[in-house]
Structure formats: structure tokens, C-alpha cells
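Overview (structure and organization)
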Amino acid sequence: MITLKEALKLNESKLTDIKKEILESAQKSELNAYVGDIQSSMPNKVPILIKDNINVKGWEITCASNILKDYIAPYNASVIEKMHNHSLCGFGRANMDEFAMGSTTESSIYGITKNPRNLSHVPGGSSGGSAAAVAGGIAIAALGSDTGGSIRQPAAYCGCVGLKPTYGSVSRYGLIAYSSSLDQIGPITQNVEDCAILFDIIKGHDPKDSTSANIIQEPCFSKLNPQRKLKIAILKDLVENASDTIKNAYFETIEILKKMGHTIVEKTMKHTEYHIATYYIICAAEASSNLARFDGVRYGNRCKNPQNLKDLYLQTRTQGFGEEVKNRILLGSFVLSSGYYDAYYLKAQKIREMIKEEYHAIFMDCDSIFIPVAPDVAPKFGSTSSPLEMYLSDIYTIGVNLAGLPALSLPVGIAQDNLPIGMQFIGKAFDEQSILDIAYGLEQELQLKF
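Conventions used here
Residues numbered from 1 in each chain as written. Predicted model: local features only at pLDDT ≥ 70, side-chain atom pairs only at ≥ 80, totals over all residues. Heavy atoms only, no water. Phe/Tyr/Trp six-rings, centres within 6.5 Å; stacked < 30°, edge-to-face > 60°. Helix = DSSP H or I, 4+ residues; strand = E, 2+ residues; numbered from the N terminus. Buried < 20%, exposed > 50% of the residue type's maximum accessible area, 1.4 Å probe, protein only. Polar contact = N/O pair within 3.5 Å; in protein donor to acceptor, adjacent residues only side chain to side chain. Contact = heavy atoms within 4.5 Å. 1 Å grid on protein atoms, 1.4 Å probe; cavity = no way out; pocket = protein on both sides within 12 Å on 5 of 7 lines; lining within 4 Å. Points joined across faces, edges and corners; volume = space filled by probe spheres on them.

**A closer look at the packing of aromatic side chains**
Any two aromatic rings considered together are summarised by their centre-to-centre distance and by the angle between their planes. In this structure the tally under the stated criterion is 13 aromatic pairs. Considering the side-chain rings of F99 and F321, the 5.8 Å spacing of their centres and the 70° angle between planes classify their relative orientation as edge-to-face. Residue F99 is found in the loop between β3 (88-94) and α4 (128-135), and its partner F321 is found in the loop between α9 (309-320) and α10 (323-336); the two are separated by 222 residues along the sequence. Each of the two residues, F99 as well as F321, counts as buried. When the centroid spacing of 5.3 Å and the interplanar angle of 45° are considered together, the rings of Y341 and Y345 count as tilted. Taken together, the residues span about one helical turn, with Y341 and Y345 both in helix α11 (residues 341-363) at a distance of four residues. For Y341, a relative accessible area of 35% puts it in the partly exposed group.

What follows is the structure, given as C-alpha cells:
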């Protein structure tokens, strides 16, 4: 597939041909990365795949849930408007876990998405459709959303580049919220250059988003420097429970970074055992509040012949939401309830501040942190035995969201069965440039071919 950098140089005729090629390839593909009718949000612009929780005016937007089936977006998300202003357009909706709650893209009403590197394995989630399409050569680039690793983990599983930007650097206006203090839209691309290009286009202050940072953000693509030598922290104790495949790739990559001239320093992060509990308390609490709007009254599907208003709410939500969404709504309602708010939610917010401080302490001495994206490569379909096992797979990604920091996932190796191995570089707030520079240099050094 042509890269984004190359596509931006093409004339209208060539772009029309590429759209036809993508449409034909997507319809023939067995990945199930695209859902619904493949539409273009603007003619004669470079096509970008859009995750099914980002509003594109006139498109159906469902978050892969029955409760929003046939709902038509009445406006464009701010990232879509920015794309339109920079020669890009939305082209097709990407499959995802329902309401972005999951790590495998198995909970979608549209069915599972397959990993293009090995069809018997999951593509990751919740932005699994976005990553699978890019890695599978049926999308030039894609937008995803990252609440606890939902861009980086599928990018790592599928073998492409995924950037979770700093919280507030990209507008969330038009993103259907899962967890408002954690969600962030970001790019999934074929390489680091394309990642920097797409990030430059979608970032920037937005008065429509109260969490958008009102600061000047310098362009990253024009300043990419693979020769930059930076100080990178490694967290050896954090990878003790990872698989041997991930451990070996981690330490091999560290040696490569040393040879490239980067300074490697060992650091320790305390209290990592609290990350998962803190994350799931906060995100479930915010999800129970955000998803309360889907009640069958204002928009989306509603149950037939309810007996009264209470029955309307109950039946609509029972029929519309999937099991994982119901689980998280129940958990969130519980931790916010009287008698438990202080014991769980308030305590989780205190731990979150402690996590932020730990990252800040490491960054006082370093430019970036280097850790794996997941404890293992992409698992086979059906191999996850419980929701808890799925939650534990997020151990390396959720801390970044809790702290609001940027992180970039990059493939660094190929394991057995052609499964990619992904690692991530975490940066200081609003310093995406440093992690893009490191990743760009490492990408050139590795020259991976799948």
C-alpha cells in the first residue's frame, strides 16, 4: 500500500484510483476490518480509515454496538474537519470492540476482525480494525482512540506504528466518550514518517473541547531527526512477568539503542501493582456516567412496547449493550455509589496522582521510557479465559493514560508464526517529537519486513 507521505503528492485522478483499489480490496478481504458501507467524507482527498466511534457527518456511527445501530452522525468531529483542511478525508469505518471496551476486537456486533499477520490470532483492541487494515494493506492510514492502550496494543499485535498523543493535544470533540479523562484520538500508520504527518494534521487547540490544551504545538514531521541521541530509561523489573519472547526482544532492542548512541539508564517504577485496579475503577466510573445518555429516549435504538419509562430504560439498555459494556457500567456504578465512593473511586484518584508523580520523577533524568506494549504477542482467538486475564494484558499501557503522557508503539521484531513484537517509547507531556525521533531512527536501523 502506498504511504501517506506518497499519497499526499498524488493528483485527483490517482487518488480516485486508490480509493477504488481500497474499496475492492476491503470487500474481498477476510480481515473484517471495515464495517458497513464504505463511504468517503470528501471527494478528491487522501482516504483515511476512521474508527467507528469518531463522528463523520452523514455516516452511520455505532461504536460497534446494537444500541447505536443505524444512528447517523449529525456533525464532524474536530479531527475530521482538520483532515478536510489538509487534503485528507474519512474513507470507511473501522471495526472495534463495543464502545472501545476490550483488547481483542471480539466484542463487536459486526463480528471479529482478524490479524493480517496470522488469521488465527486477534488483532488487538479496541482499535483492532484500524490496525488490521493498515497492516493488511487495505488502508493508507487510520485514526483510532486510546483509553488504556487501544491504539498501541493493536498496532503492536499487527506490526504497524501507533501513537497515543499527550492528553489534550488532539481534540476529543466528536469522539463518543468511553472514559473522558483517559480517551485520546491518535494515528495508526505504516511507518513513523506517516505517523508524524497525520499527528501534525489532527493536533492543535480546539475551543469546542474543554480539555484541549491551549498551547502552541510545533510541527513534528518537518523536524524528524533520526540521528538525535537521547537518554532512555528502561524498567527491567517491569518485564519480569512478560513472556520469554517479549523479554528477549526487549533486551535485544536495548542493545541496538545503545549501539545507535542513545544513553540507557535503569530506573524503577514503584507501585505498578496498583495500575490496573486504578485504571479500571476510574474508566468504569466514567463509562457508567458517559453511557447513561444511551437510554432509548434521545437517540439510538429503543425497545418495543415498553410498559413505562423505567421499563424503557431497562429493556433498551439490556438489549442494546453487550456483556463487557454491561460489566463495566455495573462496576462503575458500584464504585460511585454511596458508601463506596471514598473507598474505591476517591482512592483510585489519589493513586493516579502518585502514578503521575512517579513518571515525572523518572523524566527529571531522562528523555523517554522504553517498555513493552504487551506481556506477549497476539493471542489466538478464544484463548482468553476470563475478563480479568484480558485486563491484565494492559499492564504496560494503562499507566501512560493515567498520567496523560504520549507513547508510540513500534514493531521491533517478528516472533514465531509471523507475529509482530511491539515495544513503546513513552515521552514527556507534549514532547511527541522525542519519541518520534527515537522511533524513526530505530525503524531505519531495524528495516523490518513482514
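Moving on from the coordinates now.
**Some remarks on the side chain of N118**
Looking at where N118 falls in the secondary structure, it is placed in the loop between β3 and α4. At a separation of 2.8 Å, a polar atom in the side chain of N118 contacts the side chain of S120. A distance of 3.1 Å separates a polar side-chain atom of N118 from the backbone oxygen of D417. Apart from residues lying up to four places away in sequence, N118 is in contact with D417 and L419.

**Observations concerning the environment of A132**
The residue A132 is located in helix α4 in this model. Between the alpha carbons of A132 and N115 there is a distance of 5.9 Å; along the sequence they are 17 residues apart. For A132, the contacting residues outside a window of four places in its chain are L31, A33, T113, K114, P116, P123 and C158.

**Concerning empty space enclosed by the protein**
By the definition in use, this model includes four cavities of 30 Å³ or more. The volume enclosed by the largest cavity comes to roughly 90 Å³. Looking at the largest cavity, it is lined by 15 residues, and the ones nearest its centre are G102, S103, S150, Y279 and D394.

**A look at the environment of T268**
Mapped onto the elements of the fold, T268 is located in the loop between β8 (263-266) and α8 (275-290). You can call T268 exposed: its relative accessible area is 55%. Put simply, T268 and I362 are 94 residues apart on the chain and 8.4 Å apart in space, counted from C-alpha to C-alpha. Beyond its immediate sequence surroundings of up to four residues, T268 is in contact with L235, D237 and I362.

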